[in-house]
Amino acid sequence: MKKSLEQSRSIWMETGEIPQQSSLTEKTSSDVCVVGAGIAGMTTAYLLAREGKSVVVLDDGPIGGGMTGRTTAHLVNALDDRYFELERLHGEEGARLAAASHTAAIDKVEAIVGDEAINCEFERLDGYLFVPPRESQKVLDDELEAAHRVGLIDIEKVERVPWDSFDTGPALRFPRQAQFHPLKYLAGLTKAIHRMGGRIYTQTHANQIEGGKQARIETTGGGVVTADSVVVATNSPVNDLIAIHTKQAAYQTYVIGARIPSGSVTRALYWDTPDPYHYIRIETVGQGAAAYDVLIVGGEDHKTGQQDDANKRFGPLERWTRHRFPMVEEIVYRWSGEVLEPVDGLAFIGPNPLDEENVFIATGDSGNGMTHGTIAGILLTDLILGRENPWEAIYKPSRITLKALPQFAKENLNVAMQYTDLLVAGDVRSMDEIKPGAGAVLSRGLSKVAVYRDPQGQTHELSAVCRHLGCIVNWNTSENTWDCPCHGSRYDALGKVIQGPANSDLVEEKSNGERLTVSKQKSAGISET
Ligand SMILES: Cc1cc2nc3c(=O)[nH]c(=O)nc-3n(C[C@H](O)[C@H](O)[C@H](O)COP(=O)(O)OP(=O)(O)OC[C@H]3O[C@@H](n4cnc5c(N)ncnc54)[C@H](O)[C@@H]3O)c2cc1C
Ligand code: FES
């Protein structure tokens with residue numbers, strides 16, 4: 001059993017089991033190698049295996065150890081970025097294709113759950129979009145009209161969401177949304193991939209990914225995969241240096257799970273409209289008389305690595321929840337994770353820009369990564385098999401959306417500002433100021449050192465320079481991680497990379513000024529069984 005390396009744990013990690021896999025230590029080959037065993041990678045591997053392709057999946061943690069283990073798993077075609085905005089950016093046809101693809105993704109998950117008899121609590125339910133108290137309804141009216149134009153004709157305006165405890169005022173009702181337990185779903189895909197002859201290796205870090213006549217993927221344990229195609233589904237692509245990372249921004253988002261009496265809140269998905277917005281669902285834990293509901297509420301996003309104030313995030317989230325749901329008994333879960341916001345609202349799925357034609361990526365989830373990850377599975381399967389797919393152009397990773405240029409400029413100016421951290425003083429003047437279990441950046445001459453003091457009092461010194469493009473990482477108190485404010489790379493307290501785009505660990509500082517690379521080993525938040 002692999003225990004969490006001091007990060008928070010989601011409800012799924014506590015209530016789901018993921019089968020343990022072995023690591024890759026030898027040379028092997030397959031038709032397709034998929035790097036990353038989250039929803040995007042596992043769906044792609046599953047659908048390719050169904051088409052008769054031999055697949056090898058590599059992950060440097062357990063299956064589902066990335067953001068798929070930290071999601072809230074709303075499966076929706078009610079998109080975060082709003083259809084009227086997608087119409088502005090991609091035209092009516094583009095928005096129509098986006099709607100169709102997310103609808104098809106929910107249907108695909110439902111079909112897979114049925115075909116493979118996956119017991120993952122898949123459930124169809126309504127979704128409700130509402131505005132904060134006293135705010136204009138215009139956003140709802142605009143979205144209703146746009147949703148009808150793009151073909152979602154069942155969406156309707158209702159008087160209020162079905163809560164007895166709080167009157168939200170008018171809301172949009174999106175029928176036939178869905179929810180599931182994401183790790184139970186991945187466990188089902190794992191079984192199916194094995195049955196079809198696919199191989200999955202975990203605790204296997206892909207450190208070199210090269211396309212060409214034969215793609216070649218080298219791993220830290222000495223294993224090598226050669227394949228006709230490679231799919232990099234590492235959430236943030238670790239094989240792409242700049243092209244994609246200037247077009248999407250990484251945000252940290254926070255979730256609480258509140259225990260409530262069974263059946264006290266109508267089962268549905270709920271979202272409001274501020275930026276950042278709140279997202280709500282219900283998960284039943286336990287069975288029979290012992291069963292209770294957990295109200296899962298998320299929000300309070302901020303750019304990764306640019307704030308370290310989790311208490312100021314969880315506190316308002318809890319107050320917001322208790323104000324609307326007085327039946328809350330206690331907060332039983334608190335966790336956070338990262339979402340990637342593409343500047344034009346749609347994921348990047350397809351050939352990796354400026355790379356060989358047999359290297360594919362899936363990224364840019366935009367808070368709709370359950371469906372975007374499933375779309376990736378469908379679309380990449382078609383691209384690899386040489387089939388046409390109507391969604392290819394809207395998700396093409398090399399696209400430039402001219403109408404999104406202001407957002408592109410804003411995000412990249414924000415990134416440029418982060419480099420001034422190289423010049424300013426550190427967070428603390430001396431290591432003595434760092435308490436056990438905490439970390440901080442300090443200046444040593446011209447260098448910045450990331451110092452972590454473990455609970456036993458021993459200090460661990462790392463170069464604070466991110467291995468992606470050299471920004472200075474910041475300490476994340478709630479997750480015990482070093483987070484990069486530029487493009488969202490994250491490292492555990494001892495410097496092991498846990499989230500791209502960086503693909504290698506922070507460099508260890510020795511007191512005599514020499515630097516060592518921390519040994520490769522992935523940390524993750526879930527246990528394998
Ligand atoms: C709190 C939160 C709530 C969310 N809520 C929703 C929601 O309600 N609905 C929704 O649709 N989306 C939601 N999202 C977004 C969604 O969870 C993600 O977009 C989705 O899980 C991403 O899936 P993925 O497969 O792309 O990445 P991941 O699940 O992160 O998988 C990537 C995998 O790649 C592995 N990896 C990385 N680098 C390497 C390497 N070099 N070698 C080998 N393996 C590597 C990682 O270990 C990881 O397992 C939420 C996200 C968060 C954080
Ligand atoms: S993530 Fe790009 S510099 Fe750190």
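Residues numbered from 1 in each chain as written. Chains lettered and ligands numbered in written order. Predicted model: local features only at pLDDT ≥ 70, side-chain atom pairs only at ≥ 80, totals over all residues. Heavy atoms only, no water.

### So, the overall build of the chain
Right, so step 1: Helix and strand content of the chain: nine helices and 26 strands.
Right, so step 2: Relative to a compact globule of 529 residues, whose C-alpha radius of gyration would be 24 Å, the chain shows 22 Å and is just as compact.
Right, so step 3: By its C-alpha atoms, the chain is 70 × 55 × 55 Å across when sized along the principal axes.
Right, so step 4: Counting only residues that meet the buried cut, the chain has 61% of its 529 residues in that class. (Helix = DSSP H or I, 4+ residues; strand = E, 2+ residues; numbered from the N terminus. Rg over C-alpha atoms; globule rule 2.2 N^0.38 Å. Buried < 20%, exposed > 50% of the residue type's maximum accessible area, 1.4 Å probe, protein only.)

### Thoughts on helix 7 (residues 369-385)
Right, so step 1: With 17 residues, helix 7 extends 23 Å from end C-alpha to end C-alpha; this agrees with the ideal 24 Å at 1.5 Å per step.
Right, so step 2: Where burial is concerned, most of helix 7 is hidden: 16 out of the 17 residues are buried.
Right, so step 3: A positive backbone phi angle near 75 degrees is found at Gly 386, which sits one or two residues after helix 7. (Expected span 1.5 Å × (residues − 1).)

### Examining helix 4 (residues 138-149)
Right, so step 1: For helix 4, with twelve residues, the first-to-last C-alpha span of 17 Å sits near the 16 Å given by 1.5 Å per residue.
Right, so step 2: When helix 4 is considered as a whole, its buried residues turn out to be Leu 140, Glu 143, Leu 144, Ala 146 and Ala 147.
Right, so step 3: In this structure, the buried side of helix 4 is in contact with helix 3 (83-115), strand 4 (123-130), strand 5 (156-158) and strand 6 (171-179).
Right, so step 4: In the stretch just after helix 4, Gly 151 is the one whose phi turns positive, near 105 degrees. (Contact = heavy atoms within 4.5 Å.)

### Topic: the pattern of salt bridges
Opposite charge on two side chains makes pairing possible when the charged atoms of those side chains draw close.
Right, so step 1: If you walk through the whole model with that rule in mind, you get 28 salt bridges.
Right, so step 2: When the shortest N-O distance is used, the salt bridge between Arg 259 and Glu 329 registers 3.4 Å. Placement of the pair is Arg 259 in strand 11 (residues 248-260) and Glu 329 in the loop between helix 6 (310-324) and strand 15 (330-342), with a sequence separation of 70 residues.
Right, so step 3: Overall, Arg 259 belongs to the partly exposed group, its relative accessible area being 29%. (Salt bridge = Lys/Arg side-chain N within 4 Å of Asp/Glu carboxyl O.)

### A look at the packing of aromatic side chains
Right, so step 1: As enumerated under the stated definition, the model contains eleven aromatic pairs in all.
Right, so step 2: With a centroid separation of 4.7 Å and an interplanar angle of 65 degrees, the aromatic rings of Trp 475 and Trp 482 are classed as edge-to-face. Each member of the pair Trp 475 and Trp 482 is classed as buried.
Right, so step 3: Counting every residue linked through ring pairs, the aromatic cluster contains Tyr 128, Phe 130, Trp 163, Tyr 270 and Phe 325.
Right, so step 4: Arg 259 extends its terminal NZ or CZ atom over the ring of Tyr 292, reaching a point 3.7 Å from the ring centre.
Right, so step 5: Above the ring of Phe 166, the side-chain terminus of Arg 324 is found at 4.6 Å from the ring centroid. (Phe/Tyr/Trp six-rings, centres within 6.5 Å; stacked < 30°, edge-to-face > 60°. Lys NZ or Arg CZ within 6 Å of the ring centre and 35° of its normal.)

### What about the packing of helix 2 (residues 39-50) against helix 5 (residues 182-195)?
Right, so step 1: Interhelical geometry of helix 2 versus helix 5 gives an angle of 30 degrees and a closest axis separation of 10 Å. As the angle between them shows, helix 2 and helix 5 are arranged roughly parallel. In this structure, helix 2 meets helix 5 at a crossing whose hand is left-handed. Contacts between helix 2 and helix 5 involve Ile 39, Met 42, Thr 43, Ala 45 and Tyr 46 from the former and Tyr 185, Leu 186, Leu 189, Thr 190, Ala 192 and Ile 193 from the latter. (Axes fitted to C-alpha atoms, helices over the stretch in contact; angles between N-to-C directions. Parallel < 35°, antiparallel > 145°, perpendicular 65-115°, else oblique. Left-handed = near helix turned anticlockwise from the far one by under 90°.)

### Here's the deal with a nonpolar patch on the surface
Right, so step 1: Taken together, the side chains of Leu 241, Ile 242 and Leu 469 make up a nonpolar region of the molecular surface, amounting to roughly 260 Å² of accessible area.
Right, so step 2: As for its position among the elements, Leu 469 is in the loop between strand 20 (459-463) and strand 21 (474-476). (Patch = residues over 30% accessible without salt bridge, like charges linked within 9 Å, V, L, I, M, F, W, Y side chains within 5 Å. Areas by Shrake-Rupley, 256 points an atom, 1.4 Å probe, with all protein chains shown as cover.)

### Here's the deal with the site of ligand 1
Right, so step 1: Around ligand 1 there are 37 residues in total, and Asp 59, Thr 68, Thr 72, Asp 365 and Met 370 lie nearest to it.
Right, so step 2: In this structure, Met 67 approaches ligand 1 through a main-chain N or O atom, which is 2.8 Å from an oxygen atom.
Right, so step 3: Gly 367 places a polar main-chain atom, nitrogen or oxygen, 3.2 Å from a nitrogen atom of ligand 1.
Right, so step 4: Bound to the protein, ligand 1 loses 96% of the 1000 Å² it would expose on its own.
Right, so step 5: Elements with a contribution of two residues or more to the shell around ligand 1: helix 2, strand 11, strand 15 and helix 7.
Right, so step 6: Across the shell around ligand 1, the residue classes tally to 13 nonpolar, 18 polar and six charged. (Near = heavy atom within 4 Å. Polar contact = N/O pair within 3.5 Å; in protein donor to acceptor, adjacent residues only side chain to side chain. Nonpolar A, V, L, I, M, F, W, Y, C, P; charged D, E, K, R; others polar.)

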